[in-house]
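What the coordinates show
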Amino acid sequence: MTTSAAARVAAMMAMVMVMIVEAANTNNVYQPCADTRIERWDGFSFGIAFSSRDSFFYNQNQSHQLSPCDRRLSLASSNSQLALFRPKVDEISLLTINTSTFQPDSYGGYMVAFAGRKYAARSPPAFVANSTYIVTSFTLVLEFQKGRLENLYWKRDGCAKCSGNSAFVCLNKQDCAIKTSSCKNRGGFVDCSIGIQLAFSGTDKHLSVLNSWYEVENLGQYSLYGLYSNLRDSLTSQYNKFF
Ligand SMILES: *[C@@H]1O[C@H](CO)[C@@H](O)[C@H](O)[C@H]1NC(C)=O
Ligand SMILES: *[C@@H]1O[C@H](CO)[C@@H](O)[C@H](O)[C@H]1NC(C)=O
Ligand SMILES: *[C@@H]1O[C@H](CO)[C@@H](O)[C@H](O)[C@H]1NC(C)=O
């Protein structure tokens, strides 16, 4: 390669890098309990609250679920834990919550994903763990309309992946659970860290369509674990029927 060609390549690479930096983020809202509109590749902040199932409902009314951002729930003063994430919109991501020092069952065992205040969205409560069982794999769908988060829900593909594997129990015909007693620090050898695969659907504020939903749909619930060696080694390799 001649010097000038090399220089041109270097200049081009610098340009590409600038473009990536510029495309990185236009969303300056970092609080999960605030409203925003996103475009593709923005960072987007949301939270996951862990608590008992009842604590996500107003006055224990099972048909009146509130966002964890709603002060009427007073989650902060109950037995709860909060995890905050800022993934890139429409980038397939695998979030992990390390359970070596955090045991979800000692905080009520359920989780709710949430973001927004006036336009508050929250997922239904998902069972994570009690003293007998722990579910370690989830897929969360974030659905946007014109860039505003409209809906959050857990996508389940049933227990097909764990049926026939004696290490797992199928709970409520939807979740593959491990016995808590097989987790590290609790008598067992499995790293029971929680993996949450994200999928984005709907449209951003420019009406561009978010695609990662289709990719996750095609790849399946456990597709990303193979890419993350520490999760694969610790969480699923003991149960290599996943791959
Ligand atoms: C529970 O919440 C629903 C929906 O907000 C409401 O219609 C219903 O009256 C509430 N029930 C009680 C017992 O408060
Ligand atoms: C744990 O949850 C499972 C599934 O919901 C249930 O069958 C079991 O009785 C629960 N165990 C305890 C100790 O609460
Ligand atoms: C969780 O943290 C422990 C202790 O720092 C570490 O050994 C383990 O590999 C972590 N698990 C994952 C899945 O990152």
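Residues numbered from 1 in each chain as written. Chains lettered and ligands numbered in written order. Predicted model: local features only at pLDDT ≥ 70, side-chain atom pairs only at ≥ 80, totals over all residues.

An unreviewed UniProt entry annotates the chain as Expp1 protein of Rubus argutus.

Re the overall build of the chain
Scanning the chain for helices and strands turns up 3 helices and 12 strands. Residue burial in the chain is summarised as follows: out of 243 residues, 36% are buried. (Helix = DSSP H or I, 4+ residues; strand = E, 2+ residues; numbered from the N terminus. Buried ≥ 20, exposed ≤ 12 C-beta atoms within 10 Å, placed from the backbone.)

Examining the sheet that holds strand 3 (residues 93-97)
Hydrogen bonds between backbone groups are what pair the strands of a sheet, and the pairing can be parallel or antiparallel. Strand order in the open sheet made by the 4 strands is 3-12-8-9, with mixed pairing throughout. On the outer flanks of this sheet lie strand 3 and strand 9 (148-155), each paired with one strand and no other. Neighbouring strand axes in the sheet, compared pairwise and without regard to direction, differ in orientation by 25° on average. Here 7 bridges tie strand 8 (residues 137-145) to strand 9, and the two strands are oriented antiparallel to one another. Across the sheet, residue Glu 143 finds its bridge partner in strand 9, namely Asn 151. (Pairing = 2+ DSSP bridges. Axes fitted to C-alpha atoms, helices over the stretch in contact; angles between N-to-C directions.)

Comments concerning the sheet that holds strand 7 (residues 133-135)
Reading across from one edge, 7-11-10 is the order of the 3 strands in this open sheet, with antiparallel pairing throughout. Since the sheet does not close on itself, it has two edges, and those belong to strand 7 and strand 10 (168-171), each with one partner. Averaged over neighbouring strand pairs, the angle between their axes works out to 45° when direction is ignored. Where strand 7 and strand 11 (residues 175-179) come together, 3 bridges link them in antiparallel fashion. Among the inter-strand pairings, Ile 134 is bridged to a residue of strand 11, identified as Ile 178.

What about the nonpolar core?
Core analysis: the biggest nonpolar cluster contains 47 residues, and Met 111, Phe 114, Val 128, Ile 134, Leu 140, Leu 142 and Phe 200 have the highest contact counts within it. When residues of this core are traced back to their parent elements, those giving at least two are strand 1 (46-51), strand 4 (110-115), strand 7, strand 8, strand 9, strand 11 and strand 12 (194-202). It is strand 4 that provides the largest number of residues to this core, a total of 6 residues. Residues in contact with Leu 142, not counting those within four places in the same chain, are Leu 149, Leu 152, Leu 198 and Phe 200. (Core = buried A, V, L, I, M, F, W, Y, C linked by C-beta atoms within 7 Å. Contact = placed C-beta atoms within 7 Å.)

Here's the deal with the confidence of the model for the chain
Per-residue confidence for the chain averages 82 on the pLDDT scale, and 79% of its residues sit at or above 70. The low-confidence segment residues 1-21 (pLDDT under 50) makes 1 contact with residues lying over four places distant or belonging to another chain. Within the model, the stretch residues 233-243 combines pLDDT values under 50 with 19 contacts to residues more than four positions away or in other chains. (pLDDT = per-residue confidence, 0-100.)

Some remarks on unusual backbone geometry
We note that Asn 185 has phi near 70°; this positive angle belongs to a residue other than glycine. Along the chain, Asn 185 falls in the loop between strand 11 and strand 12. Positive phi is not limited to glycine here, since Leu 207 has a value of about 70°. Within the secondary structure, Leu 207 is located in the loop between strand 12 and helix 2 (212-219).

Quick word on the pairing of strand 1
The element strand 1 is extensively covered by neighbouring structure, given that 5 of its 6 residues are classed as buried. Pairing of strand 1 with strand 2 (residues 81-85) involves 5 bridges; the strand directions are antiparallel. Paired with Gly 47 across the strands is Leu 84, a residue of strand 2. Of the strand pairs in this sheet, strand 1 and strand 4 are connected by 5 bridges, and their pairing is antiparallel. From the neighbouring strand, Ala 49 faces strand 4, where its bridge partner is Val 112.

A few points about the environment of Gln 174
Looking at the secondary structure, you find Gln 174 in the loop between strand 10 and strand 11. According to the C-beta neighbour criterion, Gln 174 is partly exposed, with 14 such atoms within 10 Å. Sequence separation between Gln 174 and Cys 159 is 15 residues; the distance between their C-alpha atoms is 5.6 Å. With residues near it in sequence (within four places) discarded, Gln 174 still touches Arg 156, Gly 158 and Cys 159.

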